[in-house]
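Structural characterization, general
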Amino acid sequence: MQKVLHIDAGKCTGCLQCEMACSYENYQVFAPSKSRIKVFDFHATGKKVPYTCTQCDEAWCLHACPVEAITVDKATGAKVVSEATCVGCKVCTIACPFGTVNYVQETGKVQKCDLCGGEPACTEACPTGAITYIDANWTGLGRMAEWANKLGNQPVAN
Amino acid sequence: MAWAGKILRVNLTDGTVKSEALNMQWARDYIGSRGLGSKYLVEEVDAKVDPLSPENKIIWATGPLTGTMASTGGRYTVITKSPLTGAIACSNSGGYWGAELKMAGWDMIIFEGKSPKPVYLYVNDDVAELRDAAHLWGKSVFQTEEIIKKTHQDPLMRISSIGKAGENQVLFAAVVNDLHRAAGRSGVGAVAGSKNLKAIAVRGTKGVGNIRDPKAFMQVTFEKKKILAENAVTGQGLPAYGTQVLMNVINEVGALPTRNHRDVQFEGAKDISAEAMKTPRKTDGKTHLVTNQACFGCTIACGRISKIDETHFTVVNKPEYWGASGGLEYEAAWALGAANGVNDLECLQYVNVLCNEEGIDPISFGATVGAVMELYELGVLTKEQIGIEAPFGSAKALAFLAEETVNGRGFGKEIGQGAKRLTAKYGRPELAMHSKGQEFPAYDGRAIQGIGLAYATSNRGGCHLRGYTIASEVLGIPVKTDPTESEGKPELVKAFQDATAAFDSSGLCIFTSFAWSLPDLAPQLAAACDDGYTTEELAKIGERIWNMERDFNNRAGFTAKDDTLPKRLLEEACKTGPSKGKVNELAKMLPKYYEVRGWNPDGTLKPETRARLGL
Ligand code: SF4
Ligand code: SF4
């Protein structure tokens, strides 16, 4: 079964535990500035929205890369950057329609979410369930269940 | 470890910014944030200094756990000598700014002197420079954040600043960061204003990495987060209702100070409660509350984000107030509401947003308005003097006076002096509900004996956050004590004061202590910093910090006489509720408190206490 990161922005509180977990996993520091998942705080509405790579099947970044530094992790389906191969040309950052692959000045390479090899640190750190790692075929299951409950699971009127 | 090991020293007079090594012995002995920042202040500033003079200093300090994955690790404190009280001031704030400073590689920033012209400090990792703030002077906190981010083309920057109130040296002006998180009390914003310091803009990309034992730290912080999640207060009550969960509870126990403490129960409490914030409005069918919000790293998320009813008289034709904004928290809802007898939720939130926008403390402001309304009802102040009819319960007067105060206009200038000075000016000093010049927060010291003692002995004047005995006396955390009983309270107050000082110094939020006690904090600090941080050691450090603050206040001229409460709390009994007939029994508790503190009867530290605590 392939799993994906599933984001339910309505649950997010903006605590940034996910960003710290991400930077800690990859760089052993707590540093949202190095995180591959970013939480956006829209003040005027009060909405907080976590955003990261959705691991497109036909990944723009992968196809754009001239040195084939981005490959598919067969086990997870993640599009993974090989730091050794990446030349830092940034073409993938232009190709990605979502902005989720980014250049890192300090290393001269790009970085993106790689699903932590199948155990995403952000999901473990998130205290609210705003980020979960679930069956790719059934990301809608939770919402379907909610509606099923609302529409069909009510006491019968006498 | 877990400290950055570096501090910034900014001399505003000369315009110099220097990097300095952190005094690691002090760090070990005072932890960080409140304790460590206060240690620097008491070592460097003469206790007798005029708080608004260039000789005073003001410090922004993080703790060793600030910017880590420990839950609530986003806090910082602003430490200075208070212009409101003349005592040591130390105001704690959440949001994201504290973590950002730590991630830029700095434990604290010390400002000294006075800039000849408005400036802000720009920090981008190792780069730290003073910049001209002429274009920011006269701007609100909200505008300041926006302009600085635009100037530097950096939307990820975090800003801690003052609004017009700080510039005008309103004595309870706050320092505000991330739009609606404030180092709110004791007028720290006025000190910044007196130094022509508008803001500190920070971008930190280095992160916090030097954890002593990273594996142990990740393990223990994970376990402790679980405790927070499973606790009824931190796992359910606070995220769902915020601190406002207290409004109905405190009203029921007859400890909700109402109309300048004339009453202890407010008939309008339910209208301004957490429940009211979640009830759809008649006008537009929407709820006042939009969502909750966490501070950096916080797994509790008590923060409230609300929207004011667009048709409400306070914001009609003012679309700038129609968006979501921070509030209401319990203290603000009480001070703006019950303290003045105002039950108009929308008006309270409008005033609360003004407090954030221009940087004032809603507690001191609301409590001062309470005194003004009482003076008005007594005929001491007239409509002509105040600029509006100001009986208790008038939402119009509250909103008007808030606008006047934050903009430094009319009678607002007098309100900006706080309740103690204002009531004294009109010959009725007994009507100021304060201790050491700082207005009381949202719990009545007659109905709850321990909190009265905590107010009287607080090192920063009237304050619930220096020893939140409400946890025990009302909520039963960690054990239930009888709020009407004064016996045993000196010991309880001391224990709360000391433990709080340790929590406040770690970089974590005191609200964790609804679920955690020192044995939960100790292993987190030990894994991050130094394995000498045991529960016993933290209790001792907390006591050391308390006594250090006290000693500063003593040198500033405070004596045992100042450990007191207004006549109303000592002589006018509660009229209703479970504590009907009670006054605060301070005279019974205070001598015992001095004894358990190891102080002389005049309130000074005994030599053996100094020796025991290494002071
Ligand atoms: S980086 Fe962009 S294109 Fe590449 S996999 Fe992620 S979302 Fe798709
Ligand atoms: S950890 Fe979860 S709740 Fe916190 S910011 Fe990230 S997604 Fe939001």
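Residues numbered from 1 in each chain as written. Chains lettered and ligands numbered in written order. Predicted model: local features only at pLDDT ≥ 70, side-chain atom pairs only at ≥ 80, totals over all residues. Heavy atoms only, no water.

**Considerations on the overall build of chain A**
Counting secondary structure elements, chain A contains five helices and eight strands. Reading the helices (α) and strands (β) of chain A from amino to carboxyl end gives β-α-β-β-α-β-β-α-β-β-α-β-α. The proportion of buried residues among the 158 residues of chain A is 39%. Of the contacts formed within chain A by residues at least 6 apart in sequence, a portion of 51% connects residues at least 24 apart. Placing the 14 positive and 15 negative side-chain charges of chain A at their respective mean positions leaves the two points 5 Å apart. (Helix = DSSP H or I, 4+ residues; strand = E, 2+ residues; numbered from the N terminus. Buried < 20%, exposed > 50% of the residue type's maximum accessible area, 1.4 Å probe, protein only. Contact = heavy atoms within 4.5 Å. Lys, Arg positive; Asp, Glu negative; His and termini not counted. Charge placed at Lys NZ, Arg CZ, Asp CG, Glu CD.)

**Overview of the domain arrangement of chain B**
Often, the extent of an interface is quoted as the loss of accessible area upon association of its parts. All names here are of chain B. Segmenting chain B into domains produces domain 1 (6-203), domain 2 (232-438) and domain 3 (445-514 + 534-613). A C-alpha centroid distance of 26 Å is found between domain 1 and domain 2. Each partner contributes residues to the interface: domain 1 has 37 residues there, and domain 2 has 36 residues. Here domain 1 packs against domain 2, burying approximately 2,800 Å² in sum over the two surfaces, 57% of which is carbon and sulfur. Broken down residue by residue, the surface that domain 1 buries against domain 2 is led by Phe172, His180 and Arg185, which jointly contribute 26%. Applying the counting rule to domain 1 against domain 2 returns two salt bridges. Two residues, Arg185 and Asp361, come together in a salt bridge whose shortest N-O distance is 2.9 Å. Summed over the shared surface of domain 1 and domain 2, the result is 16 residue pairs in polar contact (both at pLDDT 80 or more). Mapped onto the side of domain 1 that touches domain 2, the elements with two or more residues apiece are α3 (97-103), α4 (141-151) and α5 (164-167). It is α5 that contributes the most residues to the side of domain 1 that touches domain 2, three residues altogether. Looking at side-chain class alone, the side of domain 1 that touches domain 2 contains 16 nonpolar, 16 polar and five charged residues. (Domains from an automatic or database assignment. Buried area = accessible area lost by both parts, 1.4 Å probe. Salt bridge = Lys/Arg side-chain N within 4 Å of Asp/Glu carboxyl O. Polar contact = N/O pair within 3.5 Å; in protein donor to acceptor, adjacent residues only side chain to side chain. Nonpolar A, V, L, I, M, F, W, Y, C, P; charged D, E, K, R; others polar.)

**A look at the sheet that holds strand β7 (residues 119-124) of chain B**
Residue and element names in this part refer to chain B. Reading across from one edge, β8-β7-β12-β9-β10-β11 is the order of the six strands in this open sheet, with mixed pairing throughout. Either end of the sheet is taken by a strand with one partner, and the two such strands are β8 (127-132) and β11 (181-183). Taking each pair of neighbouring strands and ignoring which way they run, the sheet shows an average axis angle of 20 degrees. Summarising the sheet, strand β10 (residues 175-177) and β11 pair through three bridges and their orientation is antiparallel. Paired with Val175 across the strands is Ala183, a residue of β11. In the packing of α4 onto the sheet, contacts are made with β7, β9 (158-161), β10 and β12 (197-203), and the angle to β9 comes to roughly 140 degrees. (Pairing = 2+ DSSP bridges. Axes fitted to C-alpha atoms, helices over the stretch in contact; angles between N-to-C directions.)

**Quick word on the interface of chain B and chain A**
Taken together, the contact between chain B and chain A spans 36 residues of the former and 24 residues of the latter. Of the roughly 2,100 Å² buried between chain B and chain A, counting both surfaces, carbon and sulfur atoms make up 59%. Looking only at chain B, the three residues that lose the most surface to chain A are Met69, Thr205 and Gln293 of chain B, adding up to 21% of its buried area. Here chain B is connected to chain A by zero salt bridges. Among the elements that line the side of chain B that touches chain A, the one with the most residues is helix α7 (residues 214-230) of chain B, at five residues.

**Brief notes about the environment of Glu124 of chain A**
By secondary structure assignment, the location of Glu124 of chain A is in helix α4 (residues 121-125). Put simply, Glu124 of chain A and Gly152 of chain A are 28 residues apart on the chain and 33 Å apart in space, counted from C-alpha to C-alpha.

**Here's the deal with α4 of chain B**
Residue and element names in this part refer to chain B. Every buried residue of α4 is listed here: Val141, Thr144, Glu145 and Ile148. Burial along α4 is one-sided: seen end-on, the buried residues are contained in an arc of 100 degrees. Turned more than 90 degrees away from the buried face of α4, the exposed residues are Glu146 and Lys150. Looking at the buried side of α4, the elements it contacts are β7, β9, β10, β12 and α12 (345-358). Capping the start of α4 is the job of one residue whose side-chain oxygen sits 3.3 Å from the backbone nitrogen of Phe142: Ser140. (Arc of directions from axis to C-beta.)

**Some details on the packing of aromatic side chains**
Each aromatic ring pair is specified by the distance between its two centres and by the angle formed by the two planes. Going through the model one piece at a time under the given rule, you end up with 16 aromatic pairs over all chains. Relative to Phe30 of chain A, the ring of Tyr24 of chain A lies with its centre 5.1 Å away and its plane at 15 degrees, an arrangement referred to as stacked. With relative accessibility at 18%, the residue Tyr24 of chain A sits in the buried group. An angle of 75 degrees between the planes, with centres 5.4 Å apart, marks the rings of Trp60 of chain B and Phe111 of chain B as edge-to-face. Placement of the pair is Trp60 of chain B in strand β3 (residues 58-62) and Phe111 of chain B in strand β6 (residues 108-112), with a sequence separation of 51 residues. Taken together through their ring pairs, the aromatic side chains of Tyr330, Tyr443, Tyr468, Phe511 and Phe514 of chain B make up a single cluster. If you follow Lys6 of chain B out to its NZ or CZ, it ends over the ring of Trp106 of chain B, 4.1 Å from the centre. (Phe/Tyr/Trp six-rings, centres within 6.5 Å; stacked < 30°, edge-to-face > 60°. Lys NZ or Arg CZ within 6 Å of the ring centre and 35° of its normal.)

**Some points on the nonpolar core**
Residues and elements named next belong to chain B. Counting 180 residues, the largest nonpolar core has Trp334, Phe365 and Tyr443 as its most contacted members. At eight residues, α12 tops the list of elements feeding residues into this core. Excluding anything up to four places from it in sequence, Trp334 contacts Met247, Leu256, Pro257, His261, Ala339, Ile363, Phe440, Pro441 and Ala442. With 27 residues, the next largest nonpolar core counts Ala104, Phe111, Val123 and Leu197 among its residues. (Core = buried A, V, L, I, M, F, W, Y, C linked by side-chain atoms within 4.5 Å.)

**Describing α7 of chain B**
For an α-helix, the turn length of 3.6 residues means that residues three or four places apart are oriented alike. Look at α7 of chain B: 24 Å from first C-alpha to last across 17 residues, which is about the 24 Å you get at 1.5 Å a residue. Taken together, the buried positions of α7 of chain B are occupied by Phe217, Val220, Thr221, Lys224, Lys225 and Leu228 of chain B. One side of α7 of chain B carries all its buried residues, which in axial view fall inside an arc of 145 degrees. Turned more than 90 degrees away from the buried face of α7 of chain B, the exposed residues are Lys215, Ala229 and Glu230 of chain B. Buried-residue contacts for α7 of chain B involve α1 (17-27) of chain A together with α8 (232-241) and α21 (518-528) of chain B. (Expected span 1.5 Å × (residues − 1).)

**Considerations on the confidence of the model for chain B**
When pLDDT is averaged along chain B, the result is 97; 100% of the residues meet or exceed 70. Across the predicted assembly, pTM comes out at 0.96 and ipTM at 0.94. (pLDDT = per-residue confidence, 0-100.)

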